[in-house]
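# Architecture at a glance
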Amino acid sequence: TAAVSISTTGGTTVISSVTFLGAAGFTGAINAPLTLLSSASITGVTDGSNATPGLVGQYISTNPVTLMDIPATGVIINIATTTLTAGDYDCTAMGGVNLGGTTVATELAFYISKTANNSDSLTEGGIYDFFQAFTANKAYYVPISRRRISTSSTIPLYLTATLTYSTLGGAQFATQSFLDCRRMR
């Protein structure tokens, strides 16, 4: 059995004492005031603007400003970079490549990476890796799976990409590629 003394002052609920009686001969009391935190709702915007930086809902997006030349076959490069401040984010991306008229390629990969020119997302999501005989003179745009990024400090985040080919044939990573992150907490 428990006896509880509860009061509300200015919208704050305070438990001023709790007394436990009789459980296997135990009798005890908590007499220090305890404040209950109510679950506050998150207010959205009604004017179509973005959430304030640093608050839940903040949206960060970046994309390459120019076509990106593809280096040697299988080499991973950065195609977009952004900066995340301390927080918890869900990040997604889209990668694009424009194949030239004589391109012969067999693998296309994009990664959401915390490390420059790398594919550190292999076990954490944020990856698209596809093996096939790609058609020359065609553009490919592919979604990259969501990756959760939790950080206690400001970090760079990269959209990286690689193309495995035997003939480059004028292929380039596309400016329509993008990296998007939304602050979740």
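Cut-off values and rules
- Residues numbered from 1 in each chain as written.
- Predicted model: local features only at pLDDT ≥ 70, side-chain atom pairs only at ≥ 80, totals over all residues.
- Heavy atoms only, no water.
- Helix = DSSP H or I, 4+ residues; strand = E, 2+ residues; numbered from the N terminus.
- Buried < 20%, exposed > 50% of the residue type's maximum accessible area, 1.4 Å probe, protein only.
- Polar contact = N/O pair within 3.5 Å; in protein donor to acceptor, adjacent residues only side chain to side chain.
- Contact = heavy atoms within 4.5 Å.
- Disulfide = S-S within 2.5 Å.
- Core = buried A, V, L, I, M, F, W, Y, C linked by side-chain atoms within 4.5 Å.

## Side note on the environment of Asp-88
Note on placement: Asp-88 falls in strand 8 (residues 87-98). Judged by its relative accessible area of 8%, Asp-88 is buried. Taking C-alpha positions, Asp-88 is 8.5 Å from Arg-182, a pair spaced 94 residues apart along the chain. A polar contact of 2.8 Å, which involves the side chain of Asp-88, links it to the side chain of Arg-148.

## Considering the side chain of Thr-82
In this structure, Thr-82 sits in strand 7 (residues 77-84). Judged by its relative accessible area of 11%, Thr-82 is buried. Excluding residues that lie within four positions of it along the chain, Thr-82 makes contacts with Ile-60, Thr-62, Ile-155, Pro-156, Leu-157 and Leu-179.

## Quick look at the state of the cysteines
Taken as a whole and assessed by the stated rule, the structure comprises one disulfide. Cys-91 shares a disulfide with Cys-181; S-S distance 2.3 Å. A torsion of 115 degrees about the S-S bond marks the disulfide between Cys-91 and Cys-181 as right-handed. In this pair, Cys-91 is assigned in strand 8 and Cys-181 in strand 14 (residues 178-183), connecting sequence segments 90 residues apart. Cys-181 matches Cys-91 in its accessibility class, with the two residues each being buried.

## Concerning the nonpolar core
Ranked by internal contacts, the top residues of the largest apolar core, which has 31 residues, are Leu-84, Leu-108, Phe-110, Leu-163 and Phe-173. Where this core is concerned, the elements lending two or more residues are strand 7, strand 8, strand 9 (104-113), strand 11 (139-151), strand 12 (155-167) and strand 14. When residues in this core are grouped by element, the largest group, six residues, is from strand 12. Setting aside its immediate chain neighbours within four residues, Leu-163 contacts Ile-70, Thr-73, Gly-74, Leu-99, Ala-105, Glu-107, Leu-108, Ala-171 and Phe-173.

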